[in-house]
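Below are the chains, spelled out letter by letter.
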Amino acid sequence: MSAPQSVRLRVFSLNCCGVIGSGLAVFSKHRIEDALLYQYSLNGYPYMVHHGDWFGGKAVGLVILNVCGMKAHVYVTHLHAEYSRAKDDYLPHRTVQAWELLNFIRHTSADADLVVLGGDLNMHPQDLGTRLLRAHTGLRDCYAETDTFHGCEDGITLIADNPFTKKKDLLPFEKGIRIDYILIKGSDRVCVRCESMSTTKGSVPDKPFPYSDHESLTSQLLLQRSDCMDGRVRQRDSSDTGAPVCERVEVVSEARGVVKEGLHQTERLRLLAMCVLAVGLALLLLPATALPWFYPHGHCALSYALLGLLGVLGLAMVVSGALLYVLFTTQLKALNGTEASMKLSAVNLRGSNGGCWEEEEGTEMEAPASLSHPPPHGGARSEQPTLLDCEE
């Protein structure tokens, strides 16, 4: 066996967002032709300091690679964490992030030969955000279709035995959960499939600690020019989405319901911020109105100190209430914009399927079978497939 050769990697940091950075980066042995970073409009709450998602500034990064003459769009992302399965206060934020992620991919990958998305989605395979993302982009889960898998049981990437993980946070999933993914999609020019996939298994070799609180993923992808592939494979890889229209309408309607609940929740929080602001103004005005009464009666210094403390408390409440009001107003605009975008998407999906759904009542009828035209068969010469290693 020959000694392993070192590989020169090109590094591109996508960490320039939020207060402390998104933590996103891409290491590639292929040429990086372009890059782009988009920060999600909702990222949690700054007063939840112990969670820290707002300070990180969750985002999605895109790098465009030249892989043996093929244009590969590689996306990396990290969505908001789920801190409680039973009471997930961040579900509307994560749903909005999933919607912005899928639209970012759809609008930036039109000319791509290959699309790869890797990252910590903080969502289970059957969660709403995951279904929304896959249904509207046509991305396929490498774990679900790989020929060979080596790693943790059931592809788990957040295992209970990890010393950096609190087991109670994983309940009711005692072994762990799968929330990290490598998703792929080809085009009408390139077909892609996952040949093998693996994950790390706990500790670093010969060390008592793991690389991270998550297990890393590695995939080996097989790329092949579409002109030498079966027509059905080519159609699967080139379609914008593999989900039927009725399924896409159903999942986007479910997502709209979650976003609407987020709207109601944020409206209540903004009302609370207005109350804090009003009480703060009252406390701030109290010393100014009471001081003329205290002065001629010669009250002790303790009374003046009490008035001063009330003034300071009032000022703090005014500042906090005003900042929270601005925060929640901004979040309401983001939620309203997302809900409107989802509504537009649902209307267009219904229209594209012959208008067989009632928009307001939400009743559905069976959609007519779509007609697919077989791709033309040419006499193109077969080309050797290309192997590509993907690591998240």
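Here, the structure is the one placed above.
The rules behind the values
- Residues numbered from 1 in each chain as written.
- Predicted model: local features only at pLDDT ≥ 70, side-chain atom pairs only at ≥ 80, totals over all residues.
- Heavy atoms only, no water.
- Helix = DSSP H or I, 4+ residues; strand = E, 2+ residues; numbered from the N terminus.
- Contact = heavy atoms within 4.5 Å.
- Polar contact = N/O pair within 3.5 Å; in protein donor to acceptor, adjacent residues only side chain to side chain.
- Pairing = 2+ DSSP bridges.
- Axes fitted to C-alpha atoms, helices over the stretch in contact; angles between N-to-C directions.
- Buried < 20%, exposed > 50% of the residue type's maximum accessible area, 1.4 Å probe, protein only.

Draft legend 1. Molecular detail of the environment of Q331. Here Q331 shows up in helix α7 (residues 301–352). Each C-alpha atom of the pair Q331 and H93 lies 9.2 Å from the other, and the pair is 238 residues apart in sequence. If we ignore the near neighbours within four places in the chain, the residues touching Q331 are L42, G44, Y45, H93 and T266. There is a polar contact of 3.0 Å between the side chain of Q331 and the backbone oxygen of G44.

Draft legend 2. Structural view of the sheet that holds strand β3 (residues 31–39). Taking strand neighbours across the sheet as the criterion, the six strands line up as β3-β4-β5-β6-β11-β7 in an open arrangement whose pairing is mixed. In this open sheet, the two strands that pair with only one neighbour each are β3 and β7 (140–141). Sheet strands touched by helix α2 (residues 91–108): β3, β4 (59–67), β5 (70–78) and β6 (114–120). Its angle to β5, the strand with the most contacts, is close to 165°.

Draft legend 3. Representation of the environment of G151. Examined against the element boundaries, G151 turns out to sit in the loop between β8 (148–150) and β9 (158–159). Expressed as a C-alpha distance, the spacing of G151 and S216, which sit 65 residues apart in the sequence, is 9.8 Å. Apart from the residues within four sequence positions on either side, G151 is in contact with T199 and K201.

Draft legend 4. Fine view of helix α3 (residues 128–137). With eight of its ten residues buried, α3 lies for the most part within the structure. When α3 is considered as a whole, its buried residues turn out to be L128, G129, T130, L132, L133, A135, H136 and T137.

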